[in-house]
Amino acid sequence: MAKHTGVITMICHSAFVYSNDFNQYKFREDHPFDQLRVTLTYELLKSAGTLTDDQVIPPRMATDEEIKTVHHPNYVDAVKRAGINQLTESEALEYGIGTEDTPIFPKMHEAASLLVGGTLSAVDAVLKNGFKHAVNLGGGLHHGFVRKASGFCVYNDAAIAIKYIRELTDYKVLYIDTDAHHGDGVQWIFYDDPNVCTLSIHETGRYLFPGTGTTNERGRLDGYGYSFNIPLDAFTEDESFIEVYKRSIKEIAEYFKPDIIITQNGTDAHAYDPLTHLCSTMETYEVIPKLAHEIAHTYCDGRWIALGGGGYDMWRVVPRAWGQVWNIAAKSEILTGDLPQDWLKKWQEKSPVTLPNQWQDTDGIYKEIPRKPEITEKNRLSLEKSLQFITNQQKYM
């Protein structure tokens, strides 16, 4: 039986966007991006008793017009033709599809449009239907560009959602990305927009795709000073990750004073993740939503859209980490103790690895990192460089 922490619980009216059809976004059987992880999370939460049917809302399909607020019409047409095998190889490469990372699959446009629609459904839940928070773990595809797919991402649902919010309201949007990979697509799409502030905390591009996200990427024109990047050294552990996250999100929120926040909750900074070199544990993935929730209530009257993202150990990491995002969104609570036995029994039969039986990680899940002091110091320097713009602004206030 899962146990709750002893803190005072704040019950928030929250929505969980879900459909089994999210699994139609599938490149191939052996591809690392597998939306089964959303189903695993959904079923874990149902088994734990923290997600009820009345909190679940179905995603709608995004319209072509909504997708084209961010993506070029020619690109949308190319994705459609790719999904029915009518795109030439040269055209596919021009648009970043048909690659090893982002291969073509049947009905690609429809599958990607449903993920976008899920995020727009989350926005509607908060802006139109009285919910404080909304979670769409099928979204968070932050590498999509205006005319190009990249890094497993066909359409950039987060960017489309930000455009949608800005069309409906005059809200200032704070986008917070804690995926191990730089949130490049969202950053570049809003690089000159002073009403959208992006913060990405990620593994340094010296070692990892997409190779961008340096501290000197600060925005341009009217958007200068509204892009923040904190690249972390390889093998960063919880203590340093959390230090960087806490200080950056608090200072940037105070500086920008957002009206709504969108968080991209990639879980690939975990030590188990096969595609990155960071060494976080579930401790980090408990702090991330806790503080996002606090910031939303401090500045935004609670308005918070939480998305999924990367995460390639879908058995041991993603369900627990994403589960805690929902637990915070719904009840401002972290679950502790044992995972539900019925969930473990069902999915252990299918998992290629031994599933953890508790919400938290045990000690010693990775080897001791000998460079910890050096890594911590490097990360502090990245943090200082990234926040230098705010520091300089405060000197002249």
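Here the structure is a predicted model, which means the values were calculated and not measured.

The rules we used
Residues numbered from 1 in each chain as written. Predicted model: local features only at pLDDT ≥ 70, side-chain atom pairs only at ≥ 80, totals over all residues. Heavy atoms only, no water. Salt bridge = Lys/Arg side-chain N within 4 Å of Asp/Glu carboxyl O. Helix = DSSP H or I, 4+ residues; strand = E, 2+ residues; numbered from the N terminus. Buried < 20%, exposed > 50% of the residue type's maximum accessible area, 1.4 Å probe, protein only. Core = buried A, V, L, I, M, F, W, Y, C linked by side-chain atoms within 4.5 Å. Phe/Tyr/Trp six-rings, centres within 6.5 Å; stacked < 30°, edge-to-face > 60°. Lys NZ or Arg CZ within 6 Å of the ring centre and 35° of its normal. Pairing = 2+ DSSP bridges. Right-handed = clockwise from strand over helix to strand, strands pointing away.

J.: Give a description of the pattern of salt bridges that names residues and reports values.
T.: Scanning the model with the defined rule gives 24 salt bridges in all. Ionic pairing is found between Lys-346 and Glu-43, a salt bridge with its closest N-O pair at 2.8 Å. Placement of the pair is Lys-346 in helix H11 (residues 341-348) and Glu-43 in helix H1 (residues 36-48), with a sequence separation of 303 residues. Its relative accessible area of 22% is what places Glu-43 among the partly exposed residues. Between Asp-361 and Arg-320 there is a salt bridge, and its shortest N-O distance comes to 2.7 Å. One end of the pair, Asp-361, is in the loop between H11 and helix H12 (372-395); the other, Arg-320, is in helix H10 (residues 318-331), with 41 residues separating them in the sequence. The exposure classification of Asp-361 matches that of Arg-320, with both residues buried. Residues participating in the shared-partner salt-bridge network are Arg-206, Asp-233, Arg-371, Glu-374 and Lys-378.

J.: Can you explain the nonpolar core? Please cite residues and give values.
T.: Core analysis: the largest hydrophobic core is formed by 120 residues, its most contacted members being Phe-16, Tyr-25, Tyr-155, Tyr-245, Ile-262, Trp-304 and Ile-305. A total of eleven residues in this core trace back to one element, the largest contributor, which is helix H5 (residues 108-127).

J.: Account for the packing of aromatic side chains, naming residues and giving values.
T.: A complete count under the given rule lists 20 aromatic pairs for this structure. Considering the side-chain rings of Phe-16 and Tyr-42, the 6.2 Å spacing of their centres and the 35° angle between planes classify their relative orientation as tilted. In this pair, Phe-16 sits in strand S2 (residues 14-17) while Tyr-42 sits in helix H1, placing the two residues 26 residues apart along the sequence. Overall, Phe-16 belongs to the buried group, its relative accessible area being 1%. Overall, Tyr-42 belongs to the buried group, its relative accessible area being 17%. Residues Phe-16 and Trp-326 carry aromatic rings whose centres are separated by 5.4 Å and whose planes lie at 85° to one another, so their mutual orientation is edge-to-face. Of this pair, Phe-16 sits in strand S2 while Trp-326 sits in helix H10, placing them 310 residues apart in sequence. By relative accessible area, Trp-326 is classed as buried at 0%. Above the plane of the ring of Phe-33 lies Arg-37, whose end atom (NZ or CZ) is 4.4 Å from the centre.

J.: Can you tell me about the pairing of strand S5 (residues 173-177), naming the residues and giving the values?
T.: By the criterion of burial, S5 is predominantly enclosed, with five of the five residues buried. The two faces of S5 match: Val-173, Tyr-175 and Asp-177 on one face and Leu-174 and Ile-176 on the other face are all buried. Examined bridge by bridge, S5 and strand S6 (residues 196-203) share five bridges and lie parallel to one another. Considered in S6, the bridge of Asp-177 is made with Ser-200. This β-α-β element, S5 to helix H7 (residues 184-189) to S6, shows right-handed connectivity. Judged from the five bridges that link them, S5 and strand S8 (residues 260-264) form a sheet pairing that is parallel. By the bridge assignment for S8, Ile-176 is matched with Thr-263.

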